[in-house]
Amino acid sequence: MSEAVRPGTVQRLGGYASSWVVGLGQMAAFAGGIVTAIARPPVRFARVVRAVFDAGVLSIALVCGAGFAVGMVLGLQGYTTLVRFGAQESLGAVVGLVLIRELGPVVTGLLVIGRAGSATTAEIGAMVSTQQLDGLRMMSIDPMHFIVMPKALALTFVMPLLSSLFIVFGVFGGYVVGVDLVGLDGGSYMASLENAVEFRDDVLQSLVKALVFGALLGVISTYRGYTSPPHAMGVSRSTTSAVVTASVWLLLTDYVITAFWGV
Amino acid sequence: MRLAFGDRTIFENLSCRFARARITVLMGGSGTGKSTALRMIAGLQRPDSGKVRVAGDDIVGLRESGLQRVRRRLGMLFQDGALLDSMTVLENVGLPLREHTRLGDAEIRDAVHERLAAVGLHDVDSLLPGELSGGMLRRVALARAIIMDPEIVLCDEPFSGLDPPNVERIEALFQELCHDRGLTLIVTSHHMASSLRMSDQIVLLQHGRAVSGAPGQLATRGDPEIKDFLGADGAALARQVASGSAS
């Protein structure tokens, strides 16, 4: 190719930017399709329950274990920092607030993307490559309604529940370190936690974040699977892309919600 | 109609008709667009230009909801079965009935067993697609394709991976569906003998165009490309079919 017709850096960047915007629009239209499918009969109750089991119940052990470990680390780091200021009695408040406001929804979101989100993308992508979605279309069954909507809905609704479990086990992990290992008073740990946490600013914000993250990763993981190229490498790339895209969007959205809620 | 994928032209001015209540076999070498032609009839692939008429209606401009109405008159057997791998055979074959009728569990089970028996399968209700052989999988998919008694059945390589007794069983089933029940069958196949035996019409796809005729007629045409495709054995078999002595 001659120098005259080779696209310049600015043109290439423009090309990337416009294709990114087009992709974003397509994903938004796809999300609209999911919302429309929710409102359309028949109700796919059994398929939603099955998807909740796959995405939620099978993630419980991972989320609880991770929550406990993160809580223990927070307890240890929090104690060594607070003790410098003689404020070690506030350990319960520090562990609880950090978990409820940030780490609960964010780390649970990242764990669910890695476990259930990637599985969702890979499953739908494999269905594309083996023509299972076309098979459904030929039976006059809309794959958006039968496959995509139940999975996206399940991911949306399991996130607040899993995030709450993560927080409870995190608080327990912090308690084990602070009270059983370091020797703080158990009553002080729980009292400082109870006094510091407010429903609207902390608990409600946490639940809203988890719900929004769940909706985000539900849309992204199903969209990437649905638009996956119909071959093994395409499914693999879509799965990786789903995890990366959902993780980045989750962290950006976390900042936006935190900023708008008021810290 | 015309269809191209990038620089590769699949169909150029392709025009062909498929007769009602007849078996038409689409033949042609690999990559000539046999499966793509079926997907276009099913509305799963749109042409770049031209029309695709199914029972008189042009389906090219239809939205998904319009296509769903057309597809209720169609059944399709995909090359790899396209069964839902999270569902058992009973659930897969009974799925269209569960979605589009008010039949109860027992009636659905009976209808599924009837169709499975027609393709030579018994006691496979609880098996998952991953537990079936290739031939069984294709027969289960065929049972699903005909469970709603469609007017038109599209079959992509139905004989691939089947042993001779099952090829004959499926051939007989096709004949029964077409000639006794009045279904229109459009079948792609590389299986020369069965294609020539069972078809009422053969459509040969070559270089993006279609040549069609009765099985016996094709062999007697002077077209060198048709002779090349059929080969000496195929031409002899076609002449036998035409004279009614093929086994």
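Look above for the structure.
Residues numbered from 1 in each chain as written. Chains lettered and ligands numbered in written order. Predicted model: local features only at pLDDT ≥ 70, side-chain atom pairs only at ≥ 80, totals over all residues.

Draft legend 1. Looking closely at the pairing of strand β6 (residues 74–77) of chain B. All names here are of chain B. The alternating pattern of β6 places Leu 74 and Met 76 and Gly 75 and Leu 77 on opposite faces, both of which are buried. Note that β6 and strand β7 (residues 152–156) share 4 bridges and pair parallel. Within β7, the position partnered with Leu 74 by the bridge is Ile 152. (Buried ≥ 20, exposed ≤ 12 C-beta atoms within 10 Å, placed from the backbone. Helix = DSSP H or I, 4+ residues; strand = E, 2+ residues; numbered from the N terminus. Pairing = 2+ DSSP bridges.)

Draft legend 2. Structural detail: the sheet that holds strand β3 (residues 23–27) of chain B. Residue and element names in this part refer to chain B. Read across the open sheet, the 6 strands follow the order β6-β7-β8-β3-β9-β10; overall the sheet is mixed. The open sheet has two edge strands with one neighbour each: β6 and β10 (209–213). Neighbour-to-neighbour, the strand axes of this sheet turn through a mean angle of 15°, independent of strand direction. Across 4 bridges, the pairing between β3 and strand β9 (residues 201–206) is parallel. Looking at the pairing, Leu 26 lines up with Val 203 of β9. Where helix α1 (residues 34–41) meets the sheet, its contacts fall on β3, β7, β8 (184–188) and β9, and the angle it forms with β8 comes to roughly 150°. With respect to the sheet, helix α5 (residues 134–146) is in contact with β6 and β7, its orientation differing from that of β6 by roughly 175°. (Axes fitted to C-alpha atoms, helices over the stretch in contact; angles between N-to-C directions. Contact = placed C-beta atoms within 7 Å.)

Draft legend 3. Quick peek at the interface of chain A and chain B. Listed by partner, the interface residues are 10 residues for chain A and 15 residues for chain B. Classifying every residue of the side of chain A that touches chain B gives 3 nonpolar, 5 polar and 2 charged. (Nonpolar A, V, L, I, M, F, W, Y, C, P; charged D, E, K, R; others polar.)

Draft legend 4. Quick peek at α1 of chain B. Residue and element names in this part refer to chain B. Counting buried positions over the 8 residues of α1 gives 6, a clear majority of the element. Residues of α1 that are buried make contact with β3, β4 (53–54), β7, β8 and β9. Among the residues trailing α1, Gly 43 stands out with phi positive, at a value near 80°.

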